[in-house]
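Here is how the chains run, residue by residue.
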Amino acid sequence: MKIVIEAQHTYENQLTIEDIEEGVFQSGFEVSEVLVGSSDNPAVAWAEQNNIPIQIHLIEWDNIKGATNVKTNKYGKKYNADAAKNRNSLLCAQADGMI
């Protein structure tokens, strides 16, 4: 199964590899591929340790082509304000489950 493993992005609440191992065990999923939204997600290390393929889908803030919610930041640079939502939707569409 292709599984999204999402982790907190704060130092105090960061998941450990042991937490991920426990989550996978409790889910009962047979993980064949891990999908994540950032390369610093500890799920990347867990997948590497278990020889499981990884897909990393970064947020594409600069991709404004076809974007319907383009904003300008305080430096005058345009960005796709829906980029995080779009990336999360892509992860969910490609996954068979989530931990």
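The coordinates are above.
If you're wondering where the values come from, they're calculated on a predicted model, not measured in any experiment.

(A) Quick peek at helix α2 (residues 42-49). Within the span of α2, buried status applies to Pro 42, Ala 43, Val 44, Trp 46 and Ala 47. Taken together, the buried residues of α2 touch α1 (17-27), β2 (33-36) and β3 (54-56). N-capping of α2 is provided by Asn 41, with a side-chain oxygen placed 2.7 Å from the backbone N of Ala 43. Two residues or fewer past α2, Asn 51 is found with a positive phi of approximately 55 degrees.

(B) Examining the environment of Glu 30 more closely. By the secondary structure assignment, Glu 30 is in the loop between α1 and β2. Glu 30 sits 27 residues away from Ile 3 along the chain, and the two C-alpha atoms are 9.1 Å apart.

(C) Examining helix α3 (residues 83-94) more closely. When the terminal C-alpha atoms of α3 are compared, their 17 Å separation across 12 residues agrees well with the 16 Å that a helix rising 1.5 Å per residue should span. Regarding α3, the residues found buried are Ala 83, Arg 87 and Leu 91. An end-on view of α3 places all buried positions within 75 degrees of arc, on one side of the element. In α3, the exposed positions that point more than 90 degrees away from the buried face belong to Lys 85 and Ala 93. Close packing links the buried residues of α3 with β1 (2-4), β2 and β5 (78-80).

(D) Quick look at unusual backbone geometry. Despite not being glycine, Asn 51 shows a phi value in the positive range, around 55 degrees. With respect to the helices and strands, the residue Asn 51 is situated in the loop between α2 and β3. The class for Asn 51 is exposed, based on a relative accessible area of 72%.

Parameters and conventions
- Residues numbered from 1 in each chain as written.
- Predicted model: local features only at pLDDT ≥ 70, side-chain atom pairs only at ≥ 80, totals over all residues.
- Heavy atoms only, no water.
- Buried < 20%, exposed > 50% of the residue type's maximum accessible area, 1.4 Å probe, protein only.
- Helix = DSSP H or I, 4+ residues; strand = E, 2+ residues; numbered from the N terminus.
- Contact = heavy atoms within 4.5 Å.
- Polar contact = N/O pair within 3.5 Å; in protein donor to acceptor, adjacent residues only side chain to side chain.
- Expected span 1.5 Å × (residues − 1).
- Arc of directions from axis to C-beta.

From the geometry alone we can't say anything about function, so treat these as descriptive.
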